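Notes for the structure review
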Amino acid sequence: MAKITASVYTSHVPAIGAALDLGKSSEPYWQPVFKGYDFSKQWLKDNPPDVIFLVYNDHATAFSLEMIPTFAIGTAAEFTPADEGWGPRPVPKVIGHPELAAHIAQSVIQQDFDLTIVNKMDVDHGLTVPLSLMCGQPQAWPCPVIPFAVNVVQYPVPSGRRCFELGKAIRKAVESFDKPLNVQIWGTGGMSHQLQGPRAGLINKEFDNAFLDQLIADPAGLAGKPHIDYVREAGSEGIELVMWLIARGAMSDVAGGPAPKVVHRFYHVPASNTAVGHLILENK
């Protein structure tokens, strides 16, 4: 059967992609950000997955305010980088895994989670920036990717508990797939930031690091954190962190296995008025 071997958590700041694309990664402002991913890039080369299940949020590119699914799984054979208003990023197209994606959709829906099936969509920086941070600037991404878009843009958004339980359902779905695939699940977005209003530029280091601590040691407790706590403490866009709970819920310790191994942890501020957080956990 297939199995989830690790989970990766990272911010997906659009300016990070722009810094890479414009050759600014060696500039003093950006050096500390990219240095935090040097270990991760080597780790990914040493632990190559067969498929990445990547949880992210669309930023009004594939979906507009006219139609926003709460959970959407990409089942296409490939996905094109989106034009977000200044042309698509110069990165490889994303190759999907339709067979596994369709299986996960079938299994998760049968576990009473309603998913939107997306057979064609472009993918924006929410998905491509994490790939760039972990893979660098290759001619092709190292493996197929299943995009999984979560609405954290238009209220009401799913609760942390709902996301955590969805992660459990995704793990069951992967483990019921009858091919021996090594699957990694990535949760992206956050950390604390607010892009508008009187609190624009808000960053809360204490909240972010406490979130990382609890994500590792007590994810079930963290899943109970209400939306208002994210908004008050981490800013309006800090709500993106609920997507990390999908990836955490898919880890084996949640189903009674041993605690995961913390392989790498990184935190840095600021990166374009956003806190950057990063974590890699391996199943034992």
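Residues numbered from 1 in each chain as written. Predicted model: local features only at pLDDT ≥ 70, side-chain atom pairs only at ≥ 80, totals over all residues. Heavy atoms only, no water.

Side note on the state of the cysteines
This is how it is decided: Put simply, a disulfide is two cysteine sulfurs that come within 2.5 Å.
Within the structure shown, the criterion is met by zero disulfides. The thiol sulfur of Cys135 is not disulfide-bonded, and the nearest other cysteine sulfur, from Cys143, lies at 7.2 Å.

Regarding the sheet that holds strand E2 (residues 51–56)
Strands belonging to one sheet form pairs held by backbone hydrogen bonds; the direction of such a pair is parallel or antiparallel. Just so we agree on the cut-off: Pairing between two strands is assigned when DSSP locates at least 2 bridges connecting them. Helix and strand assignments come from DSSP, with helices taken as H or I runs of at least 4 residues and strands as E runs of at least 2, each series counted from the N terminus. As a rule, the C-alpha atoms of each element are fitted with a line to give its axis, helices using only the stretch in contact, and angles between N-to-C directions run from 0 to 180 degrees.
Ordered in space as E6-E3-E7-E2-E8-E1-E10-E9, the eight strands form an open sheet in which the pairing is mixed. Each of the sheet's edge strands pairs with one partner strand only, and the pair in question is strand E6 (116–118) and strand E9 (261–268). Adjacent strand axes in the sheet meet at a mean angle of 15° when their direction is disregarded. The sheet contact formed by E2 and strand E7 (residues 145–150) spans five bridges and is parallel.

What to know about the environment of Gly249
Inclusion rule: By definition in these notes, contact holds between two residues if any of their heavy atoms fall within 4.5 Å.
Inspection of the secondary structure assignment puts Gly249 in helix H10 (residues 242–249). When the C-alpha positions of Gly249 and Pro219 are compared, they lie 7.6 Å apart, and in sequence the two are 30 residues distant. Discounting chain neighbours no more than four positions away, the residues touching Gly249 are Phe164, Gly167, Lys168 and Val254.

So, the nonpolar core
Quick note on the threshold: To define a nonpolar core, start from buried Ala, Val, Leu, Ile, Met, Phe, Trp, Tyr and Cys residues and group those joined through side-chain atoms within 4.5 Å. The classification of residues rests on relative accessible area computed with a 1.4 Å probe and restricted to protein chains. Under 20% of the type maximum is buried, over 50% is exposed, and intermediate values are partly exposed.
Grouped together as the largest cluster of nonpolar side chains are 56 residues, with contacts concentrated most on Phe53, Phe148 and Ile246. No other element matches the seven residues that helix H6 (residues 160–175) contributes to this core. If we skip the residues at most four places from it in the chain, Ile246 touches Val55, Phe71, Phe148, Val150, Cys163, Leu166, Gly167, Ile170 and Ile185. Grouped together as the second largest cluster of nonpolar side chains are 41 residues, Ala19, Ala76, Val145 and Ala149 included.

Concerning the pattern of salt bridges
Let me state the cut-off plainly: Salt bridge, as applied in this entry: a Lys or Arg side-chain nitrogen positioned within 4 Å of an Asp or Glu carboxyl oxygen.
With the rule as written, the count across this model stands at seven salt bridges. The closest approach of N and O atoms between Lys168 and Glu165, which form a salt bridge, is 3.1 Å. Highlighted residues: Lys168 and Glu165, both in helix H6, separated by three residues, approximately one helical turn. According to the relative accessible area criterion, Lys168 is partly exposed, its value standing at 24%. According to the relative accessible area criterion, Glu165 is partly exposed, its value standing at 29%.

A short note on the layout of surface pockets
Empty space among the atoms becomes apparent when a probe as large as a water molecule is rolled across them. Using the following cut-off: Here a cavity denotes grid points, spaced 1 Å and computed from the protein atoms alone, that fit a 1.4 Å probe unable to get out, and a pocket denotes an open set having protein on both sides within 12 Å along at least 5 of 7 lines; residues with an atom within 4 Å of a point are the lining. Grid points are joined across faces, edges and corners, and a volume is the space filled by probe spheres set on the points. The classification used treats Ala, Val, Leu, Ile, Met, Phe, Trp, Tyr, Cys and Pro as nonpolar, Asp, Glu, Lys and Arg as charged, and all other residues, Gly among them, as polar.
Estimates place the volume of the largest pocket at around 360 Å³. Residue lining of the largest pocket: 21 residues in total, with His59, His193, Leu195, Glu237 and Glu240 positioned closest to the centre. Partitioning the lining of the largest pocket into residue classes produces nine nonpolar, nine polar and three charged. What lines the second largest pocket is a set of 13 residues, and nearest its centre among them are Gly17, Ala18, Asp21, Trp86 and Arg89. Here the lining of the second largest pocket takes five residues from helix H1 (residues 14–21), the largest share from any one element. Among the residues forming the lining of the second largest pocket, the class breakdown is seven nonpolar, three polar and three charged.

Structural notes on the packing of aromatic side chains
Applicable threshold: Pairing of aromatic rings covers Phe, Tyr and Trp, the last counted by its six-membered ring, and requires centre-to-centre distances within 6.5 Å; plane angles under 30 degrees mean stacked, over 60 mean edge-to-face, and any other angle means tilted.
If you walk through the whole model with that rule in mind, you get 10 aromatic pairs. With 5.9 Å between their ring centres and 75° between their planes, Tyr37 and Phe266 make a pair best called edge-to-face. Of this pair, Tyr37 sits in the loop between helix H2 (31–35) and helix H3 (38–46) while Phe266 sits in strand E9; the two residues are 229 residues apart in sequence, bridging distant segments of the chain. Judged by its relative accessible area of 13%, Phe266 is buried.

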